[in-house]
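As a plain string of letters, each chain reads:
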Amino acid sequence: MDADRAPHPRHGLAPLLASAVRLSVVAALAAVEKAEFGYVRDLVEITDSALSKQVSRLEEAGWVTVEKGQVGRRPRTWLRLTEQGMAAYRRHLTALTAIAGPLR
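This section reports on the structure supplied with the text. What you are looking at is a predicted structure, and each value in this text was computed from that prediction instead of being measured.

With respect to the overall build of the chain
Reasoning step 1: Counting secondary structure elements, the chain contains four helices and three strands.
Reasoning step 2: Starting at the N terminus and ending at the C terminus, the chain contains elements arranged as α-β-α-α-β-β-α.
Reasoning step 3: Taken over C-alpha atoms, the radius of gyration comes to 16 Å for the chain, far larger than the 13 Å a tight globule of 104 residues would show.
Reasoning step 4: If one aligns the C-alpha atoms of the chain with their principal axes, the spans along those axes are about 60 × 30 × 20 Å.
Reasoning step 5: Classification of the 104 residues of the chain by burial places 30% in the buried group.
Reasoning step 6: Summarising the internal contacts of the chain: among those between residues at least 6 apart in sequence, 52% fall at separations of at least 24.

Thresholds, definitions, all that
Residues numbered from 1 in each chain as written. Predicted model: local features only at pLDDT ≥ 70, side-chain atom pairs only at ≥ 80, totals over all residues. Heavy atoms only, no water. Helix = DSSP H or I, 4+ residues; strand = E, 2+ residues; numbered from the N terminus. Rg over C-alpha atoms; globule rule 2.2 N^0.38 Å. Buried < 20%, exposed > 50% of the residue type's maximum accessible area, 1.4 Å probe, protein only. Contact = heavy atoms within 4.5 Å.

Listed below in structure tokens is the structure:
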């Protein structure tokens, strides 16, 4: 690689967001302070088990936090994108935009 050239923008892509489902979950959470599990499941159009698996991966990376509680007598789970997760998402979008170039 030429020392005067900047690295290719693909190096800014987050491998964890290569999954369309994980990218969709992170995008949904980036738009809100926190979201109820069922809302994200329905928005992304996946099953409970599929969302749970993807949230676990994001939680392990420190990108999502999971909060359990109750509304009345019903158990609820809320998901929140962490600052680290938001920063990774923004870097990923910046890299995608740089790779794609301007739309004509």
